[in-house]
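If you want the building blocks of each chain, they are given just below.
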Amino acid sequence: MREQFLKVYDRHNTRSVKWGKMEAVYQLDDASDILPMWIADMDFAIPNVITAALEERLKHPIFGYSYMCEECKLALVDWLKESHDWTIQTEDLLFQHGVIPAIAAILETFTEAGDTVIMTPPVYPPFFNIPTNQNRKVVYSPLHEQDGQYSFAFEHFEQTIIEHDVKMFILCNPHNPAGVVWSREDLQKVLDICRRHDVFILSDEIHSDLVFSQQHIPIATLATKEDRLVTCVAPTKTFNLAGVQAAAMVVTNAEIRKALQQTAQFHGQMELNAFASSAWIAAYREGRPWLDELKSVLDEHFDYVIETLTTALPKLKIRKPESTYLMWLDYRETGFSEKEVMNALLHEGKVALDPGSKYGKEGEGFLRINVATPKPFLEDGVARIIKGFQSLS
């Protein structure tokens, strides 16, 4: 199975955002010689069991209206129990075309224009973009950072909720971009604070299967059905299926579930596409061996990146992620600005990384690197990063 993670695929001309949209994203005339290590999209082939399931579906030449069947639901129910010791029922599940659309639907349903939403930057950009686009106010309680290690600033978090009459908290669990796996104690404190002030919790747990030495704790396992809470999960990050566009909202509270169903009806939301159910069942029923091997590969990649980059560039600081396939590189000691660093990486190193400010001002001085790529690409990318930084010196 390791061979699957070594093979290099040419993704040009496949309508890949990662490989085909860099000119627009980075405002370049030509990005054909730039290696992408930015968006959270793996360059690994999906598990063979999923490919086989999709090929089997393709044998039937009719692609009419489709739905997520009971087996789809049971596959996720069993996966969550086995992976995270989280017991849910099939009726707790509502499907969406991705976690971002799910976040938008939850925000629309349980907040109103002018309401305040809180988040803890640096964090995934849609967390603050979607509320802003829906005319919600956004306030921040930045994570505390020391030597690249992040933690909640609970006193500031609660005080900000009180001062701004916050209605919803968007939690990133595990955390993107810092790769933090929140502890049971952390999540219990978050839950307690939000209960005290009647704050709805929207928990994005899309990276929950990509956890290494720790154990992922779904915040819902600490909650009751009376708590105002929705959790978003998906196989898309785990199994590199973003283009299939399939996600689920886990909603144990019947009233909350009914409200979300009404929002879906309001928008005329259809069921998922004809391939989603086949990919979904194969991933959750048969994908674990591939995932175990992926995590072993990623662990090796983390070590390679840390050793190689910090040896060549001692002023860079990189902590090994506890989760995700993303690394959070701290270049603050170099003294260079984000504009200088990005210009050097793109034009001298010929490599595209995510600038830290994309994740809020707390991300300034950092870069996010996607290392879910075959070793030849990874080695090339690291060499390009070194070249870009050395050009600044």
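Model, not experiment: these values are computed from the prediction.

1. Topic: the overall build of the protein
Moving on, step 1. Along the protein, the regular secondary structure elements total 14 helices and 15 strands.
Moving on, step 2. Here the protein has a C-alpha radius of gyration of 21 Å; the compact-globule value for 393 residues is 21 Å, and the two agree.
Moving on, step 3. Projecting the C-alpha coordinates of the protein onto the three principal axes gives extents of approximately 60 × 60 × 40 Å.
Moving on, step 4. Looking at the protein as a whole, 56% of its 393 residues are labelled buried.
Moving on, step 5. Sequence separation of at least 24 residues holds for 75% of the intrachain contacts in the protein that already meet a minimum separation of 6.
Moving on, step 6. As displayed, the protein has an accessible area near 17,400 Å², and 49% of this comes from carbon and sulfur atoms.
Moving on, step 7. Put simply, the protein has 38 plus and 55 minus side-chain charges, and the middle of one group is 2 Å from the middle of the other.

2. Let's talk about the packing of helix H5 (residues 99–110) against helix H10 (residues 254–266)
Moving on, step 1. Where H5 contacts H10, the two axes come as close as 10 Å, and the packing angle between them is 105°. Of the possible angle classes, the one that applies to H5 and H10 is roughly perpendicular. Within the contact between the two elements, H5 uses Ala105, Ile106, Glu108, Thr109 and Phe110 and H10 uses Ile256, Ala259, Leu260, Thr263 and Phe266.
Moving on, step 2. Each residue belonging to the contact of H5 with H10 can be placed in one class, and the counts come to seven nonpolar, two polar and one charged.

3. Description of the sheet that holds strand S8 (residues 200–204)
Moving on, step 1. Read across the open sheet, the seven strands follow the order S2-S10-S9-S8-S7-S3-S4; overall the sheet is mixed. The open sheet has two edge strands with one neighbour each: strand S2 (93–96) and strand S4 (137–140). Neighbouring strand axes in the sheet, compared pairwise and without regard to direction, differ in orientation by 25° on average.
Moving on, step 2. Sheet analysis places strand S3 (residues 116–119) next to S4, joined by four bridges and oriented parallel. Pairing of Thr116 across the sheet is with Lys137, part of S4.
Moving on, step 3. Against the sheet, helix H4 (residues 70–84) makes contact with S2, strand S9 (229–233) and strand S10 (247–250), and its axis sits at roughly 110° relative to S2, the strand it touches most.

4. Observations regarding the nonpolar core
Moving on, step 1. Membership of the largest hydrophobic core comes to 107 residues, with the highest contact counts inside it found for Leu309 and Phe389.
Moving on, step 2. Setting aside its immediate chain neighbours within four residues, Leu309 contacts Leu316, Ile318, Leu329, Ile369, Val382, Ile385 and Ile386.
Moving on, step 3. Counting residues in hydrophobic clusters, the runner-up holds 29 residues, among them Val123, Ile130, Met168 and Val251.

5. Some thoughts on the side chain of Thr111
Moving on, step 1. Of note, Thr111 is situated in the loop between H5 and S3.
Moving on, step 2. Among the residues examined, Thr111 registers a relative accessible area of 3% and is labelled buried.
Moving on, step 3. In terms of polar contacts, Thr111 uses its side chain to reach the backbone carbonyl oxygen of Leu107, at 2.5 Å.
Moving on, step 4. Look past the residues within four positions of Thr111 in its chain and what remains in contact with it is Arg136, Lys167 and Met168.

6. Comments concerning the packing of aromatic side chains
Moving on, step 1. One pass over the full model with this rule turns up 22 aromatic pairs.
Moving on, step 2. The structure contains a cluster of three or more aromatic residues connected by ring pairs, namely Phe5, Phe44, Trp79, Phe95, Phe239, Trp280, Tyr284 and Trp290.
Moving on, step 3. The cationic tip of Arg288 hangs over the ring face of Trp79; the distance from NZ or CZ to the ring centre is 3.9 Å.
Moving on, step 4. Just above the ring of Tyr304 sits the side chain of Lys375; from NZ or CZ to the centre is 4.7 Å.

7. Some words on the state of the cysteines
Moving on, step 1. The full count for this structure, using the stated rule, is zero disulfides.
Moving on, step 2. Counting only cysteine sulfurs, Cys72 is the nearest neighbor of Cys69, a cysteine outside any disulfide, at a range of 3.4 Å.
Moving on, step 3. For Cys69, a relative accessible area of 22% puts it in the partly exposed group.
Moving on, step 4. Residue classification places Cys72 among the buried positions, given a relative accessible area of 0%.

8. Observations concerning the UniProt feature "domain: Aminotransferase class I/classII large" (unreviewed entry) in the protein
Moving on, step 1. In the numbering used here, UniProt assigns the "domain: Aminotransferase class I/classII large" (unreviewed entry) feature to residues 45–375.
Moving on, step 2. Summarising residues 45–375: 41% helix, 17% strand, and an end-to-end C-alpha distance of 14 Å.

Analysis parameters
Each chain has its residues counted from 1, running along the sequence as written. The predicted origin of the model limits local features to residues at a pLDDT of at least 70 and limits the giving and counting of side-chain atom pairs to 80 or more, whereas totals for whole chains, interfaces and linings rest on all residues. With hydrogens and water set aside, each side-chain value is computed from the structure's full complement of heavy atoms. A run of H or I in DSSP counts as a helix once it spans at least four residues, and a run of E counts as a strand once it spans at least two, with each numbered from the N terminus. C-alpha atoms define the radius of gyration, and 2.2 Å times the number of residues to the power 0.38 defines the globule rule. Note on exposure labels: buried denotes an accessible area under 20% of the residue type's maximum, exposed denotes more than 50%, and partly exposed covers the range between, all computed with a 1.4 Å probe on protein chains only. Note on contacts: a residue pair is in contact if any heavy atoms of the two residues lie within 4.5 Å. Residue exposure ignores everything except the shown protein chains as possible cover, and the areas themselves are Shrake-Rupley values with a 1.4 Å probe. Charged residues are defined narrowly, with Lys and Arg counted positive, Asp and Glu counted negative, and His plus the chain ends left uncounted. Here the site of a charge means NZ on Lys, CZ on Arg, CG on Asp, or CD on Glu. Angles run from 0 to 180 degrees between N-to-C directions of axes, and those axes are lines fitted to C-alpha atoms, restricted for helices to the stretch in contact. An angle counts as roughly parallel when it lies under 35 degrees, as roughly antiparallel when it exceeds 145, as roughly perpendicular when it falls between 65 and 115, and as oblique in every other case. Side-chain classes are defined by residue name, with Ala, Val, Leu, Ile, Met, Phe, Trp, Tyr, Cys and Pro counting as nonpolar, Asp, Glu, Lys and Arg as charged, and the others, Gly among them, as polar. Two strands qualify as a pair provided DSSP detects at least 2 bridges between them. Residues belong to a common nonpolar core when they are buried Ala, Val, Leu, Ile, Met, Phe, Trp, Tyr or Cys residues joined through side-chain atoms within 4.5 Å. Under this definition, polar contacts are N or O atom pairs within 3.5 Å; protein pairs additionally need one hydrogen-donor-capable and one acceptor-capable atom, and for neighbouring residues in sequence, both atoms have to be side-chain atoms. Centre distance within 6.5 Å is the pairing criterion for rings of Phe, Tyr and Trp, where only the six-membered ring of Trp is used; planes under 30 degrees apart are then read as stacked, over 60 as edge-to-face, and the remainder as tilted. Look at NZ for Lys and CZ for Arg. If either is within 6 Å of the ring centre and within 35 degrees of the ring normal, a charge sits over the ring. Defined by distance alone, a disulfide is two cysteine sulfur atoms within 2.5 Å. UniProt positions are given in the numbering used here, feature names are shortened, and annotations may be inferred rather than shown by experiment.

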